[in-house]
Structure formats: structure tokens, C-alpha cells
Amino acid sequence: MKVVESPATLRQEISTLPGKRVLVPTMGALHEGHLQLIRLARQTAGPHGSVIVSIFVNPIQFDRPSDVAAYPRPMDSDLAACENEGVDLVFAPQASSMYHPDRSITVSESLLSSGLCGATRPGHFDGVCTVVLKLFLLTGCHAAVFGEKDFQQLAVIRRMVRDLDVPVEIIPHPTVREPDGLAMSSRNSRLSPEQRADAPRIQQALKNAASLKNPADILASARNHIQTSPLTRIDYIELIDAETLQPTTTLSRPTILATAVFYNDVRLIDHITL
Ligand code: AMP
């Protein structure tokens with residue numbers, strides 16, 4: 001497995017990688033969810049293709065610099081996990097080699113990213129689009145795997161690929177969960193034992209609410225279930241159209257019930273498709 005830190009070296013190394021190149025963009029602190037994405041990438045690349053994993057804590061998608069600094073960076077164990085999964089190349093650049101100090105171009109999506117996580121994290125999806133497009137260009141990948149856990153991110157990236165004619169196939173992977181239902185996330189390790197024990201209520205609340213028929217009842221049920229815990233603070237809970245991601249009050253089209261919940265400063269997201 002090759003480990004490359006500079007974009008210039010990446011260009012050279014890429015030319016030696018055989019077959020279909022499939023990229024898995026990550027911010028590291030890899031868990032089983034990431035590993036399943038890597039396995040899907042391997043399957044997609046086929047026996048003669050190549051799997052690339054990027055590990056980059058992208059500063060321009062964070063609204064608070066303290067979060068960038070606090071983000072876990074267990075590089076040795078991440079590299080060992082990639083090696084173990086048969087990854088061909090890991091791209092792990094420093095921020096200084098990805099962004100010029102006077103950079104002045106940003107990829108901006110203006111519809112799907114306006115609500116939900118985009119509303120409470122201004123500039124987040126511009127940062128995501130910009131880094132993902134850069135990673136696509138740097139790796140020259142033919143396909144890239146993204147988790148459905150971050151369904152708004154997936155929708156925004158699909159839109160970017162469509163609207164900018166980016167020649168990369170976007171492959172979704174279902175949300176990977178802990179046995180108790182909590183969606184796996186690098187942030188789960190920042191929960192206290194008490195918070196961790198409480199957190200499966202998020203998925204439970206969405207599941208229970210999804211069995212109801214009336215949109216207002218669905219929202220009220222999920223909100224109450226989450227708020228019953230004194231440990232939680234709801235950032236948002238919304239019913240949205242699965243395609244446009246705009247708020248909806250009917251269930252006539254495919255609909256998503258989505259939430260973001262704080263445990264102290266740890267923000268967890270989850271959703272269910274109705
Ligand atoms: P991150 O390192 O958090 O930026 O995530 C990198 C990729 O892994 C993104 O495409 C995420 O959607 C995906 N991912 C993270 N956690 C999960 C999970 N529990 N299930 C499925 N995909 C995930």
C-alpha cells in the first residue's frame with residue numbers, strides 16, 4: 001500500500017495504479033462504517049482495479065476552528081486498517097498542501113444545502129463540495145463511495161456531479177450501525193458512557209415515529225422521544241422531501257425524517273426514509 005502526502009506525488013503515483021480507480025473520501029478516525037465503504041469500493045473496482053482512500057480533516061468545512069483541532073487523527077491505526085482492507089493507495093495531505101493561502105474559488109451548492117445541516121453549519125457544504133471536487137480531480141477516480149448516513153452530503157455531491165458534468169460515478173452505501181442501533185460515527189467516541197448509553201434513542205425515536213400516519217404526529221412523536229432525555233438538545237428535526245430536501249407537510253412523495261441532536265458539544269445526525 002502506498003501512502004502519499006503531497007498532491008504532486010499523488011499525480012505521479014496515480015499513473016501507476018491499474019484499472020478502475022475507486023475513491024473513498026474520509027476524515028480518518030476510521031471505524032467499521034468506513035471499512036464497509038472501503039469493501040464496497042474494492043468490489044466496485046474489481047480484481048484489476050484500484051482502491052484509494054483519502055484521509056483529510058478538511059478545515060474549510062468546519063465552522064469552528066476548535067473542532068478542526070479537536071478532530072481525532074489516529075493516523076497509525078487508520079493506515080493499518082487500510083492496509084488490512086487491501087487499499088492500494090492512501091492520500092493523506094496536510095491542509096497547507098491542499099489550499100493556497102489566497103485561494104479564491106469555492107464550489108457552492110445553493111438549493112439542497114440550504115436547510116438541515118447547511119442551515120446550522122454555514123459554509124459547510126461549500127467546503128465539502130470544494131474538497132470532494134479537488135479529490136476527484138487529484139485522484140482521477142472513476143467512481144467514489146459515500147455513506148447514506150450523511151444523506152444531505154450525498155445529495156449535494158450527486159447534484160455537483162450532475163450540474164458540473166463531473167465524470168465520476170457516485171456509489172452510496174447504507175448507514176452502518178452499532179448493534180444497539182446508533183449510527184457509527186467518529187464522534188461517538190467523544191460521548192461519555194452515560195451519553196453513549198442514551199444515544200440509541202435517536203434511531204429508536206425515528207423508527208417509532210415512522211410507524212405513524214400523520215406528518216404532524218410523526219414530528220411530535222420523534223421530538224418528544226428525543227427530548228425525554230435530559231442529556232439531549234435537538235438541533236433540528238424535520239420532515240423533508242427525499243429528492244429536493246425541502247420541508248414537506250405531506251407524505252405523498254418519498255419523505256425523510258431527519259434529525260441532528262447534541263449531547264453537550266457532540267452533534268449526532270440520523271435519518272429514516274418513510
Ligand atoms: P467522515 O470520515 O465522517 O467524513 O466519513 C467519510 C465517509 O464515510 C462519508 O461518506 C460518510 O457518509 C461515511 N460514513 C461515516 N459513518 C458512516 C456510517 N455509520 N455508515 C455509513 N457510512 C458512513
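Residues numbered from 1 in each chain as written. Predicted model: local features only at pLDDT ≥ 70, side-chain atom pairs only at ≥ 80, totals over all residues. Heavy atoms only, no water.

1. Focus: the domain arrangement of the chain
Phase 1 of the analysis: Assigned domains within the chain: domain 1 (2-173) and domain 2 (186-269).
Phase 2 of the analysis: Once you take the C-alpha centre of each, domain 1 and domain 2 turn out to be 26 Å apart.
Phase 3 of the analysis: Across the contact, 18 residues belong to domain 1 and 15 residues belong to domain 2.
Phase 4 of the analysis: Around 1400 Å² of area is buried between domain 1 and domain 2 when both sides are counted, 61% of it from carbon and sulfur atoms.
Phase 5 of the analysis: In this structure, the connection of domain 1 to domain 2 is made through zero salt bridges.
Phase 6 of the analysis: For the pair domain 1 and domain 2, the interface holds three residue pairs in polar contact (both at pLDDT 80 or more).
Phase 7 of the analysis: Broken down by class, the residue content of the side of domain 1 that touches domain 2 amounts to eight nonpolar, six polar and four charged. (Domains from an automatic or database assignment. Contact = heavy atoms within 4.5 Å. Buried area = accessible area lost by both parts, 1.4 Å probe. Salt bridge = Lys/Arg side-chain N within 4 Å of Asp/Glu carboxyl O. Polar contact = N/O pair within 3.5 Å; in protein donor to acceptor, adjacent residues only side chain to side chain. Nonpolar A, V, L, I, M, F, W, Y, C, P; charged D, E, K, R; others polar.)

2. Let's talk about the side chain of D241
Phase 1 of the analysis: Mapping D241 onto the fold places it in strand β7 (residues 232-241).
Phase 2 of the analysis: Residues within four places of D241 in sequence aside, it is in contact with Q246, T248, R253 and P254. (Helix = DSSP H or I, 4+ residues; strand = E, 2+ residues; numbered from the N terminus.)

3. A look at the sheet that holds strand β8 (residues 255-263)
Phase 1 of the analysis: Strand order across the open sheet formed by three strands is β7-β8-β9, with antiparallel pairing between neighbours. On the outer flanks of this sheet lie β7 and β9 (266-273), each paired with one strand and no other. Pairs of neighbouring strands in the sheet enclose a mean axial angle of 15°, with direction left out of account.
Phase 2 of the analysis: Summarising the sheet, β8 and β9 pair through eight bridges and their orientation is antiparallel. Within β9, the position partnered with T259 by the bridge is D270. (Pairing = 2+ DSSP bridges. Axes fitted to C-alpha atoms, helices over the stretch in contact; angles between N-to-C directions.)

4. Quick notes on the nonpolar core
Phase 1 of the analysis: The biggest cluster of nonpolar side chains holds 44 residues, and the ones touching the most others in it are F91, M98, V132, F136, F146 and I170.
Phase 2 of the analysis: Elements that contribute at least two residues to this core include exactly α1 (7-14), β4 (89-91), α6 (116-120), α7 (124-139), β5 (143-147), α8 (151-163), β7 and β8.
Phase 3 of the analysis: The leading source of residues in this core is α7, at nine residues.
Phase 4 of the analysis: When residues of this core are sorted by domain, at least three fall in each of domain 1 (2-173) and domain 2 (186-269).
Phase 5 of the analysis: Apart from the residues within four sequence positions on either side, M98 is in contact with P7, F56, F91, P93, V131, K134, L135 and L138. (Core = buried A, V, L, I, M, F, W, Y, C linked by side-chain atoms within 4.5 Å. Buried < 20%, exposed > 50% of the residue type's maximum accessible area, 1.4 Å probe, protein only.)

5. Considering the pattern of salt bridges
Phase 1 of the analysis: Applying the stated rule across the entire model yields 15 salt bridges.
Phase 2 of the analysis: The closest approach of N and O atoms between R39 and E85, which form a salt bridge, is 2.9 Å. You can see R39 sitting in helix α2 (residues 32-45) and its partner E85 sitting in the loop between α4 (75-84) and β4, a full 46 residues away along the chain.
Phase 3 of the analysis: Among the salt bridges present, the one from E243 reaches R253, with a minimum N-O distance of 3.8 Å. Of this pair, E243 sits in the loop between β7 and β8 while R253 sits in the loop between β7 and β8; the two residues are ten residues apart in sequence, bridging distant segments of the chain.
Phase 4 of the analysis: Taken together, the shared-partner salt bridges connect E32, R39 and E85 into one network.

6. A short note on α1
Phase 1 of the analysis: Of all the positions in α1, only P7, L10 and I14 are classed as buried. The buried side chains of α1 occupy one side of the element, clustering within an arc of 45° when seen end-on. Set apart from the buried face of α1 by more than 90 degrees, the exposed residues are A8 and Q12.
Phase 2 of the analysis: Turning to α1, the residues buried within the fold contact β1 (2-4), β2 (21-26), β3 (50-55), β4, α5 (95-98) and α7. (Arc of directions from axis to C-beta.)

7. Considering the pairing of β7
Phase 1 of the analysis: Of all ten residues in β7, seven are buried; the element is thus mostly enclosed.
Phase 2 of the analysis: Bridge count between β7 and β8: nine bridges; the pairing is antiparallel. Across the sheet, the residue bridging to I234 is V261, located in β8.

8. Some details on the site of the ligand
Phase 1 of the analysis: Neighbouring the ligand are 15 residues; H34, G147, D150, V176 and M184 lie closest to it.
Phase 2 of the analysis: M27 is positioned such that a nitrogen or oxygen atom in its backbone is 2.9 Å from an oxygen atom of the ligand.
Phase 3 of the analysis: A distance of 2.8 Å separates a nitrogen atom of the ligand from a polar atom in the backbone of V176.
Phase 4 of the analysis: For the ligand, whose free accessible area comes to 480 Å², the fraction covered by protein is 92%.
Phase 5 of the analysis: In terms of residue class, the shell around the ligand is made up of seven nonpolar, six polar and two charged. (Near = heavy atom within 4 Å. Areas by Shrake-Rupley, 256 points an atom, 1.4 Å probe, with all protein chains shown as cover.)

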